[in-house]
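The chain contents come next:
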Amino acid sequence: MPQTVEKILDHSQLFNEPEYQELFERKKQFECGSSLEEIAKQSAYINTWEYREKNLAREALTVNPAKACQPLGALFASVGFEKTLAFNHGSQGCTAYFRSHLARHFKEPCAAVSTSMTEDAAVFGGMNNLIEGLQNAYTVYKPKMIAISTTCIAEVIGDDLTAYVQNARLKGAIPQDFPIVKANTPSFVGSHVNGYDVLVKGVLVNFWDGKTRGEVTEKINIIPGFDGFAVGNNRELKRIFGEFGVDLTIISDVSDQFDTPTDGEYRMFDGGTTIEQVEEAINAKGTISMQKYCSDKALDFISATGQPTASFHYPMGLKATDDLLMKISELTGKPIPASLEKERGRLVDAMADSSNWLHGKSYSIFGDPDFVYGMTQFLLETGGEPVHLLATNGGKEWEAEMKALLATSPYGAKAQVWAGKDLWAMRSLLATEPSDFLIGSSYGKYLERDLGIPLIRLTFPIFDRHHHHRFPTWGYQGSLRVLVTVLDKILDVLDAQTSKTGISFDLVR
Amino acid sequence: MDAESKAARKQLVADVLSEYPEKTAKKRAKHINVYEEGASDCGVKSNIKSIPGVMTVRGCAYAGAKGVVWGPIKDMVHISHGPVGCGQYSWAQRRNYVSDGVTGVTSWVTMQVTSDFQEKDIVFGGDKKLAKVVDEIEAIFPLNKGISVMSECPVGLIGDDIEAVAKKKTKEIGKVIAPVRCEGFRGVSQSLGHHIANDVMRDYIVDKAPPAPETWVSTPYDVLIVGDYNIGGDAWSSRILLEEMGLRVIGQWSGDGSVGEIENGPRAKLNLIHCYRSMNYICRHMEEKYGIPWIEYNFFGPSQIAKSLRAIAALFDETIQAGAERVIAKYKPLVDGILAKYKPRLEGKKIMLYVGGLRPRHVSDAYGDIGMDVTATGYEFAHSDDYQRTTEYIKDGTLVYDDASEFELEHFVKALRPDLVGSGIKEKYGTQKMGVPFRQMHSWDYSGPYHGYDGFAIFARDMDLAVNNPVWKMHKAPWGKE
C-alpha cells in the first residue's frame, strides 16, 4: 500500500509506486495500443530531417500554435481602462476561456461578461442578448465604461454593434451618454495582438473622433501592447518617466487590475487609464508604442490627428532601452537624466561581469512578434547566438525586420526566422538543429522535456511558474532581471551537468 | 437549521436579487433556494439559458465535448475545428493524465491540434481544409487510432458538412473519424456538449465496434469505468480498488482511455458511472442496446467509498462481496490515521461549493468525513435529476444556487464567510482577496487524485493546507481598524 499518513503521496509520486506501475501494465492489454517496435520507430523518426520536411510542409494543420485569438487581446486591453467592464458579444464559452486563461497567468481574478448567444440568437441575431446584457452589466457591476468586443458567432452572422448599441440607448437599457467602446474582433482574423490593437483604437475613436488637437501638453502617451509582464513593466515605465520628470499616460494600464492586494476586499476594478486621461491624450506631445505589432491601427489613427508617434519592439537590453530613452528625450525636449545613465552603466557592468558565461550560448525563441524581436536584440548584445526565431502570429513584415536585425550582428549569422510556424514545427527544428536554450512561454515545457533543451520562461503565458509578471523586463532595470533569469538557467544547467562527477562543479563561477 | 438562520439566508438571497434589474431578478430567483429538509429536490430551476451580462461561470458545448468527454482519449487526435482560440484556451488545462503514451507519437492529450480557421475558410467553407488536415495528421501522426472533429462556433454557421468529410476520409484512412457538432452556441452550457459527445461516441465507435478478437476471454467480472476523466489520476486511484476487490476493468471512459477501450464497451457486464451528468447518456444506450446494467458510484471519502464498493459488490457473487469487505478492511487503518490527523484541524469548518457535473453533491460526504460542513452548494450546468440526487447529500438550510453569477457568489461568500470555498479558477483569486481560503474543485488545484482511499489522503491533506495556512490570518494590517 503506497499511501501512509506520515507521508502522503500525491500525483507527483503516487503513480511511480509499484502498485500503480503494475496497474498500468495490466491496463495495457485492454488498450490495443501500437506495438513497441512501431512506437520506437516513430519516436526516432520524429527527430529526423525527413520528418522535419514533412512537418514543415503542412499547409492546413496547426499543432501547438503560440498564439491566441483576437478577443483575448481585446479583453486584456479593455481592463486597462478605469472601471471598464470587458463585454463579449458572442457565445459564453469564449468569455469563460478568456477569463480562465488570464487568471492562470496572472494568478488574479479576471472579470468579463458575455451576451451568452445561443441557437436562437444565431438565427435571429444577437440584438436582444446585447441589450439585455448591457442593462444587466450596467446595473449590477456599475462600470464607468463598457468595452464590447465580438467573438466568432456575432461576426459570422454579421451583428451590427453600432445599431444594437443605439437601440440599447433608445430603450433605456443604458443611459444615452454612457461610454461604450466597440471592437470587432473575430477569432478567424489575426491573433490576440491584433485584438488588442482594435480595442485600443476603438477607445481612441470613441473619445477622439470629431475632435482636433488643441494646445499640446507636456505629456507623452504610451501604448504598452499585450504584455504578460505588464504589471512590472508598466510600473517600470512610470518610474522611468518619473526620472525624466515627464507626465505619462499609459493607454490601457492593467498594472493595478492584474495586481490587486489581498486585504479582505475583492476589487473587481482597480486602477487603469481614466476617461479624462484618454480625452486629454489627443493633445500629448507624442505617442510611443512599446510593441509595434500590437498597435498598427491605433498608431495610424493617432498619426492622422497630427500627433507624432513612434514604435518599438518590446524593448529589452541596452540599445533598445537607449533608443527608447532618446525617443522620450527627443519628443519632450528633456535631457536623459543622469540617474538613468547610471542605471545604464550598471546594466553594462552586469553584462560585462557575466559575459564569459553568456558569450556564444545559442538560443531559440518563440512568442509574439515584438517579443521575439526584443529578446533577439538583447541576446545579440550578450554575444548570444540565436538559432530558431519563431512567431506563429508573425508575418512577412516581421520576418523582414527580423532578418534586418540579425544582419546587424555577426552573432546573428546562424539564425533562421520562422514566421507563421507552430511549436510542433519548432520541435522538428530543435530536434535537427538544436540550440543550447529555448526562450518562450510555458508551452515550451513540452519541448524542454522531449528534447532536453532547457526552457527559460520570459513571455506570456506563464502558467506553471508564479509571479514573474510582477517584475519588469523593460528598461535597464528590467533588462537586468532578464539577464539574471537567463544567467541563472545557464549556471543551474551547468551545475546539474557537472554534479555527477564533481569535475567542474565549482563553488565560484 | 433553526428558523431564524434560515430566514436570514432567505433575506440574503432577496438582498442579492434586489440588485438586479427587475426582469433579471425574477428569472434568477427561480435558481436560488434555501433547502428545506424532506423536499424531493433542491427547489431550483436548472438547465436554462444563462442571462446575458451577469457574468455566468458556465462554458460552452465545445468545452463539454472536447474539454471533458473526448479530449482525454489518448490515442486519438482531437481537432479543434475552427479558429485558434478554443483549442488554445483548453490546451492541457484539465490534467487528464495518461499512462503509457508518448506525446505526439501515441498520445495527443497535451497537444493543441487545430484547423486554425482564417477568413477565407469562413467565406469559402472549411470542408476542404478539414480533409487536408486529416491527410496531414495521417502523415505526421501515423500511429493515431482515430480522429475527432470538435466543431467550434463558425463551423455550424457557415453550412460545413463535416459528417460528409468524415465519412469520405474514414474510407480512405480506415480509422474512425468522429464529427462532433459541439459548436459553442448549442444548448445553454457545457452539458449539451456532453450529450452530443456521448451520441457521437455511440454512433461512431461503440455501435461500430468490431467483434472481440479470438484471444479475448470474457469474465463475469468485466466492468467499465465511465465518466472518470482521470484528473490528477482519479481513475487510477479508483481502478486500483475495483481490481483489488476482484473486478476486471476493461475500459476507462474516457480518462487515460483509448479507442480500444471504448470498443471493449459492449463486452462489459456492468457499467460503473462516476460523473453521471456527463456520461449517463451512453450508459442508458448500452443498457438498452446491449443489456448492460449501470450503477452510479461515489469514490470521494471513506463513507461513500465503502457504500459504493458494497453496492457494486452486491451486483456480483460472494467472491466480489468478500473482496469489497477485504478492500474496506485493508484501507481502514489508513482512513483512521487520516481522520485522526486531519479531523481535529478541520472539525466544524464550513465550506461553500460551486462546481460542475457531480462534485457539488459527490464531495459532500467526504467533507463530512473530515468534519467539515457544506453550507452552500450549486452547479454550473446540472439538470433537475442532479438536484434530486443532491437532496441525499445536503442538510436543511443549505443554500443552493444554479448557474450562479460571479456577483451572487461574491455576495454569498461575503455574507456567509465560509472557512473554505471550492470552485474554479475564475472564482479562485477573487475569493482569496477577501481573505477566504479556496480550492479549485475542477482541477484539484493542481493536486489530486481525490478518488479512492489513496486520493482521500490527499484530499484531507489539501483541505488542511488550504484552511489552515497562516496567510489567511494576515490580510489585515496590524494598525488597521476592525
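Below you will find a few notes about this structure.

Things to note about the sheet that holds strand S3 (residues 113-114) of chain B
Item 1. One open sheet accounts for five strands, arranged S1(A)-S3(B)-S2(B)-S4(B)-S5(B); its pairing is mixed. Both outer strands of the open sheet, strand S1 (62-63) of chain A together with strand S5 (176-180) of chain B, are each paired with one neighbouring strand and no more.
Item 2. Bridge analysis of strand S4 (residues 146-151) of chain B against S5(B) gives five bridges, and the strand direction is parallel. Bridging from a neighbouring strand, Ser148(B) pairs with Ala178(B) of S5(B).
Item 3. Running over the sheet, helix H6 (residues 127-140) of chain B touches S1 of chain A together with strand S2 (77-81), S3, S4 and S5 of chain B and is turned about 150° from S2(B).
Item 4. Its contacts with the sheet place helix H8 (residues 162-173) of chain B against S2, S4 and S5 of chain B, and it is angled at close to 175° to S5(B).

Some words on helix H18 (residues 369-381) of chain A
Residues and elements named next belong to chain A.
Item 1. Helix length check: H18, at 13 residues, gives a terminal C-alpha distance of 19 Å against a target of 18 Å (1.5 Å per residue), a fit within 8%.
Item 2. A large share of H18 lies buried, amounting to twelve of its 13 residues.
Item 3. All buried positions along H18 are accounted for by Pro 369, Asp 370, Phe 371, Val 372, Tyr 373, Gly 374, Met 375, Thr 376, Gln 377, Phe 378, Leu 379 and Leu 380.
Item 4. Residue Gly 383 follows H18 closely and has a positive phi angle near 85°.

Regarding the nonpolar core
Item 1. Counting residues in each nonpolar core, the largest one holds 153 residues, and the members touching the most others are Trp70(B), Tyr367(B) and Tyr453(B).
Item 2. Sort the elements by how many residues they give to this core and helix H14 (residues 318-346) of chain B lands first, with ten residues.
Item 3. Residues contacting Tyr367(B), with those up to four places away along its chain left out, are Ile351(B), Leu353(B), Met372(B), Val374(B), Leu420(B), Met441(B), Phe459(B) and Met463(B).
Item 4. Leu248(A), Ile288(A), Ile439(A) and Trp474(A) belong to the second-largest nonpolar core, a separate cluster that totals 58 residues.

Section: the layout of surface pockets
Item 1. Computed from the structure, the second largest pocket encloses a volume of approximately 770 Å³.
Item 2. Along its surface, the second largest pocket is lined by 35 residues, and Glu59(A), Asp116(B), Gln118(B), Lys120(B) and Lys129(B) are the ones closest to its centre.
Item 3. Only helix H4 (49-56), helix H11 (192-208) and helix H19 (396-406) of chain A together with helix H5 (119-124) and H6 of chain B provide two or more residues apiece to the lining of the second largest pocket.
Item 4. The residue makeup of the lining of the second largest pocket, split by class, is eight nonpolar, 13 polar and 14 charged.

Calculation criteria
- Residues numbered from 1 in each chain as written.
- Chains lettered and ligands numbered in written order.
- Predicted model: local features only at pLDDT ≥ 70, side-chain atom pairs only at ≥ 80, totals over all residues.
- Heavy atoms only, no water.
- Pairing = 2+ DSSP bridges.
- Helix = DSSP H or I, 4+ residues; strand = E, 2+ residues; numbered from the N terminus.
- Contact = heavy atoms within 4.5 Å.
- Axes fitted to C-alpha atoms, helices over the stretch in contact; angles between N-to-C directions.
- Expected span 1.5 Å × (residues − 1).
- Buried < 20%, exposed > 50% of the residue type's maximum accessible area, 1.4 Å probe, protein only.
- Core = buried A, V, L, I, M, F, W, Y, C linked by side-chain atoms within 4.5 Å.
- 1 Å grid on protein atoms, 1.4 Å probe; cavity = no way out; pocket = protein on both sides within 12 Å on 5 of 7 lines; lining within 4 Å.
- Points joined across faces, edges and corners; volume = space filled by probe spheres on them.
- Nonpolar A, V, L, I, M, F, W, Y, C, P; charged D, E, K, R; others polar.

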